[in-house]
Structures are given as C-alpha cells and as structure tokens.
Amino acid sequence: MKRSVILDVDTGVDDSIAIVLALTLPQLDVKAITTVSGNVHVDEVTESTKTVLGLVNHAGIRLGKGSSASLRRTRFHAPEVHGSDGLGNIRKKYEQYKARIRTERAVPLILDILKNTKKTVTIIATGPLTNIARAIQKDKRRMRHVREIISMGGTFGYRGNTGPLAEFNYYVDPDAVDVVLHSGIPLTIVPLNVTETVRLRRNDVIQWSRKSNTSVSRFIADVTRFYMDYHKKVESFNGGYMHDPLTVTIAAVPEIVKKRIKSPILIETRGIYAAGTTLTRDARGSEKKAPIVSRIAEIDRRMFWDIFRNVLFSSSG
Ligand code: RIB
Ligand code: CA
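Computed from a predicted model, the values in this text were never measured in an experiment.

**Some remarks on the packing of helix α12 (residues 243–252) against helix α13 (residues 301–312)**
Running from amino to carboxyl end, α12 crosses α13 at an angle of 100°, the nearest separation of the two axes being 11 Å. It follows from the interaxial angle that α12 and α13 lie roughly perpendicular. Contacts between α12 and α13 involve Pro245, Leu246 and Thr249 from the first element and Phe304, Ile307 and Phe308 from the second.

**Quick look at the sheet that holds strand β10 (residues 257–264)**
One open sheet accounts for nine strands, arranged β4-β3-β2-β1-β5-β6-β7-β13-β10; its pairing is mixed. Only two strands of the sheet have a single partner each, and these edge strands are β4 (103–105) and β10. Between one strand axis and the next, the sheet turns by 30° as a mean value, whatever way the strands run. As paired elements, strand β3 (residues 62–65) and β4 share three bridges and run parallel to each other. Following the sheet pairing, leucine 63 is matched in β4 by threonine 103. Sheet contacts for helix α4 (residues 106–114): β1 (3–9), β2 (28–35), β3, β4, β5 (121–125) and β6 (146–152); angle to β2, the most-contacted strand, approximately 155°.

**Things to note about the pattern of salt bridges**
Under the definition given, this model contains 19 salt bridges. Measuring nitrogen to oxygen at the nearest pair gives 2.6 Å for the salt bridge that ties lysine 65 to aspartate 43. Placement of lysine 65 in strand β3 and of aspartate 43 in helix α2 (residues 42–55) is noted, with a sequence separation of 22 residues between them. Connected through shared salt-bridge partners, Arg62, Arg102, Glu104, Asp112 and Lys115 make up one network.

**A look at a positive patch on the surface**
Residues Lys118, Lys119, Lys140, Arg141 and Arg144 make up a contiguous surface patch of positive charge. Here arginine 144 shows up in the loop between α6 (140–143) and β6.

**Regarding the coordination of the calcium ion (ligand 2)**
At this site the calcium ion (ligand 2) is bound by Asp10 (OD), Asp15 (OD), Asp15 (OD), Thr126 (O) and Asp244 (OD), with donor distances of 2.2 to 2.5 Å. Sequence positions of the residues that donate to the calcium ion (ligand 2) give the spacing D-x4-D-x110-T-x117-D. One end of the pair, aspartate 15, is in helix α1 (residues 13–24); the other, threonine 126, is in the loop between β5 and α5 (130–138), with 111 residues separating them in the sequence. The pair formed by aspartate 15 and threonine 126 is uniform in burial state, with each residue classed as buried.

Rules of the game
- Chains are numbered independently. Their residues run from 1 in the order of the written sequence.
- The naming scheme follows written order: chains are lettered A onward, ligands numbered 1 onward.
- Reporting in this predicted model follows two pLDDT cut-offs: at least 70 for local features of residues, and 80 or more for side-chain atom pairs to be given and counted; totals over whole chains, interfaces and linings ignore these cut-offs and use all residues.
- The basis for every side-chain value is the complete set of heavy atoms in the structure, and neither hydrogens nor water enter the calculation.
- Lines fitted to the C-alpha atoms define the axes, with helices restricted to the stretch that makes contact. Angles between their N-to-C directions range from 0 to 180 degrees.
- In DSSP terms, a helix is any run of H or I states spanning at least four residues, a strand is any run of E spanning at least two, and both are numbered starting from the N terminus.
- Angles are sorted into four bins: roughly parallel if under 35 degrees, roughly antiparallel if over 145, roughly perpendicular if 65 to 115, and oblique for all others.
- Contacts are assigned to residue pairs with any non-hydrogen atoms lying within 4.5 Å of each other.
- Any two strands between which DSSP finds at least two bridges are classified as paired.
- The term salt bridge refers to a side-chain nitrogen of Lys or Arg lying within 4 Å of a carboxyl oxygen of Asp or Glu.
- Excluding any residue in a salt bridge, patches collect residues exceeding 30% relative accessible area, merging like charges within 9 Å and nonpolar Val, Leu, Ile, Met, Phe, Trp and Tyr side chains within 5 Å.
- Computed by Shrake-Rupley with a 1.4 Å probe, the accessible areas treat only the displayed protein chains as cover when residues are assessed.
- Charged-residue counts in this description rest on Lys and Arg as positive and Asp and Glu as negative, His and the chain ends being excluded.
- Note that the charge is assigned to NZ on lysines, CZ on arginines, CG on aspartates and CD on glutamates.
- Each metal's donors are the N, O and S atoms within 2.8 Å of it, or within 3.2 Å when it is Na, K or Ca, and because water is not part of the set, sites may look incomplete.
- A simple rule labels every residue: compare its accessible area, found with a 1.4 Å probe on the protein chains alone, to the largest value its type can have, and call it buried under 20%, exposed over 50%, or partly exposed in between.

What follows is the structure, given as structure tokens:
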C-alpha cells in the first residue's frame, strides 16, 4: 500500500533532489507539494519547485505557496549555500522545463487534502515548519487527522549549522516548531546529527553519471555544483549533505532506520544565540511537561545510498 504524503519544501538544492525521489519512489503517493520560505524567499522556492516538477513530468500535481514570513522571527535565508534561486543558480538553464501549474495557497491546500481522511496522510517537511504551524492554528481538529509529521530539523548532541546550537529549519521558525511539538500530532524528527552522515560526493556524481546519462542525473550534476563548492570552501569536503533526500527515504523505506529515540523535546524560541535550539532530557527530569517526540538516531547508510543511486542514477536513459 502506497503511503499518501504531502511534501512541504523550501527548495533548496537538497529539497529539489528530495522532490524527485518522492515522486519516483514507488512507496509514496505525493498528494500535494507546498512551498515555504527558508533556503530562499518563498517566491523563489515556488518557481524552483515548478522547474523540478516540469523536469520530472509532474505538472499535474497540486502546488500550494506558503507565506514569506515566519510566525514571529524576521526572515532568514541561505543563498550562500543554495544559490539565490535555491537551485544552485541553474534555474535559468532549466527554464524550458518549468511547469505551468496553477499555484494554490499552502494552508488551505493542506487542509483540503486532509478533508475526509483519518490518519492516512503523512506530511514530510524538509523546510521550516511555518506552513504546518499555520495549518494547525487555522484548523487544529482537521490537522489531528494527520498520520505523522516527518520533519528534517533540529540537532541533538551535535553542533548546529546555523549558529553553534541550532539547525537551519528550526532556527528560521522556532515558534512554528513549538506549535507542532504541542499539537499532539505524531512527530518524527530527522535531525542534523543524522543527516550529516550522508554526504553526496562530487566524485560519486561524476562516476554514477558516466553510467546514467538521464535528464535527472544531468540535473543532479548541475544543481549540486554550487552546493558542493560551498561545502568544499566552508566545510572542506567536496560534496554536499543530503538532509532532505534522507528524510524522504525514511518516510518511504522505514527499514533504513537502525535506531529511533522517544524522548521529551523542547525548543528554545527566544534568545540571541540559542533560538532554534532543540532540548531534550536533563538530569532532574524537569522536562516532564515536554511533549514526547520520536527522533531518528541512526540509519543504514549503505541502504540509503543503494536506493539513492538506483532511483536517481538509473541506467535507463
Ligand atoms: O539544515 C538543513 C536543512 O535546512 C535542509 O532541509 C536544507 O534544505 C535547509 O532547508
Ligand atoms: Ca530543506
């Protein structure tokens, strides 16, 4: 039985690859895609998402555009990582693919997909949780029908990537994370300390592309170039983290999860240096009132890369 999903994305280089994966993996049935401000402004996110949808011939999918602002904090983007267009500055090269899709509004679209469903739809969030939080604020009862939210975000026992303590998605809109945490909707977090264990290397792309010369493999080679240059310069490895493709793969193939932890989770929503920090158990158990959340602690990397390569660098041309 396919898993019905809504993808909420801040396309983003790794989001763009996650979208292709989600639309290709046979285990998932993508009911809609919603865009949120994050890596770049939601206008850019939406145009880049349309480009990806056109590239993989999914112009028929429902697309909803979210708001440009977080619940409370000022806007924050990462063009230095993902390019000003969110696609590693290659969207112009793929202009002819951009799908002509009627863009709806994200929150009404999420709520419409959930109408007449009960615990059958999963939301995979690969960006800040602003849209999800706004949907909960608009119709909490309807949102309680969500089967599970699988969210790429947070970091546990590991450094942040946006300030020393926070992960980007949760830094951008910590108030939205707080709304989701306290909503009672089953939540699984795929944190930075796990997603940074899957690094797509430039050499892998070069090698795999030799045997798979498809529009998707060529797109991945193009879209990751800027992203990999950033990591080479700033983090001294010639590649790029596959945060969001891993998150989608966990939703599609839960067997790749080797360790999961259930624990109280809180998020810091204030603070100059600590906003967006995810907090868990302390020695005195003071977190008793905190919501219990499932987070991924370890995955089977070999299994992930087998899936990643077979789906995205298939030999068929
Ligand atoms: O911190 C990594 C996350 O932030 C990824 O989802 C990336 O696309 C950005 O949204
Ligand atoms: Ca993302």
